[in-house]
Amino acid sequence: MQIIPYVNFRGSCREAMTAYAAILGTQPPEIFPFSALPEADKAMLPPGVPEDAVMNAALRIGDAVALYGSDDVRPDAPVGAGFAVNVTVPAPEEARRIYDALAQGGTITMPLSETFWSPAFGMLEDRFGVAWMVMAEPVEG
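Sequence order sets the numbering: in each chain, residues are counted from 1 along the sequence as written. Predicted model: local features are reported for residues with pLDDT of at least 70 only, side-chain atom pairs are reported and counted for 80 or more only, and whole-chain, interface and lining totals are derived from all residues. For side-chain calculations, the full set of non-hydrogen atoms in the structure is used, while hydrogens and water are omitted.

Draft legend 1. The arrangement of the overall build of the chain in detail. What the chain contains, in helices and strands, is three helices and eight strands. Secondary structure elements follow DSSP: runs of H or I no shorter than four residues count as helices, runs of E no shorter than two count as strands, and numbering proceeds from the N terminus. The secondary structure elements of the chain, listed N-terminal to C-terminal, are β-α-β-α-β-β-β-α-β-β-β. Note on contacts: a residue pair qualifies if any of its non-hydrogen atoms lie within 4.5 Å across the two residues. Considering only intrachain contacts with a sequence separation of at least 6, the fraction spanning at least 24 residues in the chain is 55%. Charge centroids of the chain, computed over 8 positive and 18 negative side chains, lie 4 Å from each other. Only four residue types enter the tally: Lys and Arg on the positive side, Asp and Glu on the negative side; His and the chain ends are excluded. Each charge is placed at NZ for Lys, CZ for Arg, CG for Asp and CD for Glu.

Right, here's the structure in full:
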């Protein structure tokens, strides 16, 4: 069994998933646009769906899918309400690099700092409206 977060974006899925791949140092995301649907299935879409809107994107880390995403084409679709994506890395320096990259153009909700459970933990909302928790693994001791 796998549990994989699925994030709905409001037109920025391709940009966000590509940015996440670069920030996390993994391969580019696999992207399937709505324009690739068979014609019969396109008829079910709401009018005005942009040609480049993403129906599904998969971000892999190693051999496993770590994050799915799509462009929610409903005009009033909320972005990521009620959840956060967590990324845990071995070292505080790597946590800092990822945190700082995700924070560019976003909003810091908890600065990256030492906590009782991690040598580096912080929270933010990135420029795409997605909440992130970034942490370094606890030091064994």
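Draft legend 2. Spotlight on the pattern of salt bridges. By salt bridge we mean one thing: a side-chain nitrogen of Lys or Arg within 4 Å of a carboxyl oxygen of Asp or Glu. Across all of its chains, the model carries five salt bridges by this definition. For Glu 30, the salt bridge goes to Arg 60, with nearest N and O atoms at 2.6 Å. In this pair, Glu 30 is assigned in strand S2 (residues 30-33) and Arg 60 in strand S3 (residues 54-61), connecting sequence segments 30 residues apart. In this structure, the salt-bridge partner of Glu 39 is Lys 42, at a minimum N-O distance of 3.1 Å. Pair noted here: Glu 39 and Lys 42 are both in helix H2 (residues 39-42), with a separation of three residues, about one helical turn. On the basis of relative accessibility, which here comes to 58%, the residue Glu 39 falls in the exposed class. Categorising residues by exposure relies on relative accessible area from a 1.4 Å probe, with only protein chains included: less than 20% of the type maximum marks a residue as buried, more than 50% marks it as exposed, and the intermediate range marks it as partly exposed. The class of Lys 42 is partly exposed, set by a relative accessible area of 24%.

Draft legend 3. Structural view of the pairing of strand S5 (residues 85-89). Taking every second residue as pointing to the same face, the buried face of S5 carries Val 85, Val 87 and Val 89, while none of Asn 86 and Thr 88 on the other face is buried. Bridge analysis of S5 against strand S8 (residues 131-136) gives five bridges, and the strand direction is parallel. The partner of Val 87 across the bridge, within S8, is Val 134. In this scheme, strands are said to pair when DSSP sees at least two bridges between them.

Draft legend 4. The packing of aromatic side chains, seen in detail. Side-chain rings of Phe, Tyr and Trp, where Trp is taken by its six-membered ring, are said to pair if the distance between their centres is within 6.5 Å; with planes under 30 degrees apart they count as stacked, over 60 as edge-to-face, and otherwise as tilted. Inspection of the entire model under this criterion finds six aromatic pairs. Residues Phe 9 and Phe 128 carry aromatic rings whose centres are separated by 6.5 Å and whose planes lie at 85° to one another, so their mutual orientation is edge-to-face. Of this pair, Phe 9 sits in strand S1 (residues 6-9) while Phe 128 is found in the loop between strand S7 (121-125) and S8, placing the two residues 119 residues apart along the sequence. For the pair Phe 9 and Phe 128, one class covers both residues: buried. For the ring pair Tyr 20 and Phe 128, a centre distance of 6.0 Å and an interplane angle of 90° mean the geometry is edge-to-face. Taken together, the residues span a long stretch of sequence, with Tyr 20 in helix H1 (residues 13-24) and Phe 128 in the loop between S7 and S8 at a distance of 108 residues.

Draft legend 5. A look at the sheet that holds S7. Overall, mixed pairing links the four strands, which are arranged S5-S8-S7-S6 in an open sheet. Each edge of the open sheet carries a strand with a single partner, namely S5 and strand S6 (107-113). Adjacent strand axes in the sheet meet at a mean angle of 15° when their direction is disregarded. As defined by bridge partners, S7 adjoins S8 across five bridges and the pair is classed as antiparallel. Counted as the bridge partner of Leu 124 is Trp 132 from S8. To get an axis, fit a line to the C-alpha atoms, keeping to the stretch in contact for a helix; angles then go from 0 to 180 degrees between the N-to-C directions.

Draft legend 6. Just the nonpolar core, in detail. Ranked by internal contacts, the top residues of the largest apolar core, which has 30 residues, are Phe 9, Met 17, Tyr 20, Leu 102 and Trp 132. For this core, the secondary structure elements donating two or more residues are S1, H1, S3, S5, helix H3 (92-103) and S8. When residues of this core are assigned to their parent elements, the largest contribution, seven residues, is made by H1. Apart from the residues lying within four places of it in its own chain, the contact partners of Trp 132 are Tyr 20, Ala 84, Val 85, Val 87, Leu 102, Gly 122, Met 123, Leu 124 and Asp 126. The term nonpolar core refers to a set of buried residues drawn from Ala, Val, Leu, Ile, Met, Phe, Trp, Tyr and Cys, joined through side-chain atoms within 4.5 Å.

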